[in-house]
Amino acid sequence: MKKKPAIRFFGYCNNIPKPSSAINSISQTQISIVFLLSLLLQPISSSSSSISSPPPLPILPIPSASQIQWQLGNMALFLHFGPNTFTDSEWGTGHVDPSVFNPTNLDAAQWVRVAKDAGFSRLILTAKHHDGFCLWPSEYTNYSVRSSPWRNGEGDVVGELAKAAKEAGLGLGLYLSPWDRHEPCYGNTLEYNEFYVGQMTELLTRYGEIKEVWLDGAKGKDEKDMEYFFDSWFSLIHQLQPGAVIFSDAGPDCRWIGDEAGVAKPTCWSLFNCSAAKIGGTDSRYSGEGDPFGHDWVPAECDVSIRPGWFWHPLEVPKSARTLLDIYYKSAGRNCLLLLNVPPNSSGLISAEDIQVLQEFTKIRDSIFSHNLAENALVDASSTRGNGEDDRFIPSNVLKEGIYTYWAPAQNHQPTWSLYLNLQEFISFNVLHIQEPIHMGQRIVEFHFDVLNDEGVWRTVVRGSTVGYRRILKFPTVESQFLRLVIEKSRADPLVSYLGIHVDNFSHLSSHLDKTLGAGINGSNIRRQITLNNSQISAV
């Protein structure tokens, strides 16, 4: 049956009169009567002539299923653990006696509980760091847990973590360092590549499903010259674990952001050209920003440690929860996945002080983002695909969480596209949250977000460039009833899957936007009638 056209409580805001235009007052009762009459007067059509509009064509490149799952995860927990934990080191020499590794209280289930309680979707363990020590009993070396006193040489850290993660429903990722300071054949290209592939095969065939394989190009300056057969490694990984994403400086599935501070660039494309990048030698700006003309989908991952070092050190203390919140805005809030390192201590547990910070960080995030202040808003748009008759594309879809529902504009090649929100009351907020349906490609290039002041004038509170999976922007606190998202540039017709506004009372923000918003913008009771596409709204 053909659906009744969507009710347009208010429409295009391009026709808002200038402040000098005559604006008459109108009562809320009059508004209610007009609105109810509009409901009764909507035409009812027969079902026989219904023809649905097809969805927009995805714009390439688009993510794979495993890349989408990775992106939806939002945050992952990194676990740097090994002999360095016991020797107060960051880069082990590869010649420390295996007997130093003896975490008497190791509890991988505790690591998993900490990760799950803090909202992390997966854990990535340093199965082998640069020192070559293996946290599983590898058949290719005697430099592993098998040669340590832990569990009487019968232990397997990777195995214990894999079991705990599976039981908790979290994904498992593994880091196998290409640089190996212990293995004698390192420096012999063919022999070492065979050795590395042998160890990678062990990891990818013994422990069930692996969600991410993490590797880098780190290597000391004066170390032996070594060529890594990355293409062969990647092909093997995808063969053995087709659902895994591979991280490196240059992809192929997700890339390094270019720093170890967890900070992405304000412009961050998931588009990338792998052919223009080299592991261990990619320009940091290119890594950080991506490429709007890229042919590959390679989203960015932001790695950072909760402590100054990557391994646990007894004299180091963790970052504060507010610092982690700032990092979250600049990583997960900029179209990236946040990979936060929380290293287990020498007893084999995540330290109490780190857990406390994570708990505070979780509470802060929940207090800000658990509720969309615009959830009851009336939403309209400059245009809608299918003239608003197809629920798949209507503007109100932006209030539904998730990326698989979205607003789509009409195919009319307009110079800008706008979404309008009537919050139905004055609300104070200082955070904007936008998402694109990334399975349809990354589209938005530039946008700005406006509020309507008491003189009927739109004032911009924040501007942004790329959106992608998630864009979160902070700005000085404003109060308004009427909001507008304007998309200025897009690679194709823009699609918006989510739009939220929130209050952050924890970050250090200015109290209010500058006075250009109008003297009465906060707490104003002035009512003004504004004509919008043959409908009326009341700006309160």
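Residues numbered from 1 in each chain as written. Predicted model: local features only at pLDDT ≥ 70, side-chain atom pairs only at ≥ 80, totals over all residues. Heavy atoms only, no water.

**A word on the overall build of the chain**
At step 1: Scanning the chain from N- to C-terminus turns up 10 helices and 18 strands.
At step 2: The 540 residues of the chain split such that 58% are buried.
At step 3: Counting only contacts in the chain whose residues sit at least 6 apart along the sequence, the fraction spanning at least 24 positions is 78%.
At step 4: Approximately 22400 Å² of the chain is accessible, and the part contributed by carbon and sulfur atoms is 51%. (Helix = DSSP H or I, 4+ residues; strand = E, 2+ residues; numbered from the N terminus. Buried < 20%, exposed > 50% of the residue type's maximum accessible area, 1.4 Å probe, protein only. Contact = heavy atoms within 4.5 Å. Areas by Shrake-Rupley, 256 points an atom, 1.4 Å probe, with all protein chains shown as cover.)

**Some thoughts on the pairing of strand β16 (residues 498–502)**
At step 1: Burial within β16 is extensive, with five of its five residues counted as buried.
At step 2: The two faces of β16 match: Y498, G500 and H502 on one face and L499 and I501 on the other face are all buried.
At step 3: In this structure, strand β12 (residues 417–435) lies alongside β16, joined through five bridges in antiparallel fashion. Its bridge partner lying in β16, L432 is registered against I501. (Pairing = 2+ DSSP bridges.)

**Digging into the sheet that holds strand β1 (residues 75–79)**
Whenever strands of a sheet pair, they do so through backbone hydrogen bonds, lying parallel or antiparallel.
At step 1: Ordered in space as β1-β2-β3-β4-β5-β6-β9-β10, the eight strands form a closed barrel in which the pairing is parallel. On average, adjacent strands in this sheet sit at an angle of 25° to one another, irrespective of strand direction.
At step 2: Summarising the sheet, strand β2 (residues 122–128) and strand β3 (residues 171–176) pair through six bridges and their orientation is parallel. Residue T126 lies in a different strand from β3, and its bridge partner there is Y175.
At step 3: Across the sheet, helix α4 (residues 108–117) is in contact with β1 and β2; its angle to β2 comes to roughly 145°. (Axes fitted to C-alpha atoms, helices over the stretch in contact; angles between N-to-C directions.)

**Quick word on the packing of aromatic side chains**
The way to describe two aromatic rings as a pair is by their centre distance and the angle between their planes.
At step 1: Summed over the entire model, instances satisfying the criterion amount to 30 aromatic pairs.
At step 2: Seen in terms of ring centroids, F81 and F86 are 6.3 Å apart; in terms of plane orientation they differ by 55°. Their pairing is tilted.
At step 3: Note on Y228 and W233: the rings are 5.5 Å apart at their centroids and 40° apart in plane angle, and the pair reads as tilted.
At step 4: Between R365 and the ring centre of F361, over which it is positioned, the NZ or CZ distance is 4.5 Å.
At step 5: In this arrangement the basic side chain of R385 is found over the ring face of F393, its NZ or CZ atom lying 5.9 Å from the centre. (Phe/Tyr/Trp six-rings, centres within 6.5 Å; stacked < 30°, edge-to-face > 60°. Lys NZ or Arg CZ within 6 Å of the ring centre and 35° of its normal.)

**Some remarks on α4**
Residues three or four positions apart in an α-helix share a direction because the helix packs 3.6 residues into each turn.
At step 1: Every buried residue of α4 is listed here: A108, Q110, W111, V112, V114 and A115.
At step 2: The secondary structure elements touched by the buried residues of α4 are β1, β2, α5 (157–168) and α10 (352–369).
At step 3: Where α4 begins, the side chain of D107 points an oxygen toward the backbone nitrogen of A109, at a separation of 3.1 Å.
At step 4: Where α4 terminates, the next one or two residues include G119, which has phi positive at roughly 90°. (Polar contact = N/O pair within 3.5 Å; in protein donor to acceptor, adjacent residues only side chain to side chain.)

**Notes on the confidence of the model for the chain**
At step 1: The predicted model of the chain averages 87 in pLDDT, with 85% of residues at 70 or higher.
At step 2: In this model, residues 1–48 is a region of pLDDT below 50 whose contacts with residues beyond four sequence positions or in other chains number 83 contacts. (pLDDT = per-residue confidence, 0-100.)

**So, α5**
At step 1: The terminal C-alpha atoms of α5, which comprises 12 residues, lie 17 Å apart, in line with the 16 Å expected from a rise of 1.5 Å per residue.
At step 2: Between a side-chain oxygen at the N-terminus of α5 and the backbone nitrogen of V158 the separation is 3.2 Å; the capping residue is D156. (Expected span 1.5 Å × (residues − 1).)

**Focus: the pairing of β3**
At step 1: Counting buried positions along β3 gives six out of six residues, so the element sits mostly inside the fold.
At step 2: Examined bridge by bridge, β3 and strand β4 (residues 212–214) share three bridges and lie parallel to one another. By the bridge assignment, Y175 is partnered in β4 with W214.
At step 3: As for the winding sense of the linkage, the β-α-β connection from β3 through helix α6 (residues 189–206) to β4 is right-handed. (Right-handed = clockwise from strand over helix to strand, strands pointing away.)

**A word on the nonpolar core**
At step 1: W111, L123 and L125 are the most contacted members of the largest nonpolar core, which has 83 residues in total.
At step 2: If sequence neighbours within four positions are ignored, W111 has contacts with L77, L79, F81, L106, L123, L125, V157, L161, P344, G348, L349 and I350.
At step 3: Among the nonpolar cores identified, the runner-up in size contains 31 residues, and L419, V467, I487 and V496 belong to it. (Core = buried A, V, L, I, M, F, W, Y, C linked by side-chain atoms within 4.5 Å.)

**Digging into the pattern of salt bridges**
At step 1: Considering all chains together, one arrives at 19 salt bridges under this definition.
At step 2: One salt bridge connects R307 with D354, and the closest N-O pair in it is separated by 3.0 Å. Of this pair, R307 sits in the loop between β9 (300–305) and α9 (321–330) while D354 sits in helix α10, and the two are 47 residues apart along the sequence. A single burial state applies to R307 and to D354, both of which are buried.
At step 3: Linking D390 and R392 is a salt bridge whose minimum nitrogen-to-oxygen distance equals 2.6 Å.
At step 4: For R392, a relative accessible area of 39% corresponds to the partly exposed category. (Salt bridge = Lys/Arg side-chain N within 4 Å of Asp/Glu carboxyl O.)

**Some details on the packing of α9 against α10**
At step 1: Here α9 crosses α10 at 55°, and the two axes come no closer than 8 Å. Considering the angle they form, α9 stands oblique to α10. Here the hand of the crossing between α9 and α10 comes out right-handed. Contacts from A321, R322, L324, L325, Y328 and Y329 of α9 reach α10 at V357, L358, E360, F361, I364, R365, I368 and F369.
At step 2: Looking at the contact of α9 with α10, its residues break down into 11 nonpolar, no polar and three charged. (Parallel < 35°, antiparallel > 145°, perpendicular 65-115°, else oblique. Left-handed = near helix turned anticlockwise from the far one by under 90°. Nonpolar A, V, L, I, M, F, W, Y, C, P; charged D, E, K, R; others polar.)

**What to know about unusual backbone geometry**
At step 1: Note that the residue after L60, namely P61, is joined by a cis bond; omega there is 0°.
At step 2: Secondary-structure assignment places P61 in the loop between α1 (28–40) and α2 (65–72).
At step 3: The amide bond that connects G251 to the next residue, P252, takes the cis arrangement and shows omega of 20°.
At step 4: Summarising the element assignment, P252 is placed in the loop between β5 (245–248) and β6 (254–256).

**Structural notes on the packing of α4 against α5**
At step 1: Relative to each other, α4 and α5 sit at 40°, their axes nearing to 8 Å. Classified by the angle between their axes, α4 and α5 sit oblique to one another. Both α4 and α5 take part in a crossing whose hand is right-handed. Across from A108, A109, W111, V112 and K116 in α4, the residues of α5 making contact are V157, E160, L161, A164, A165 and A168.

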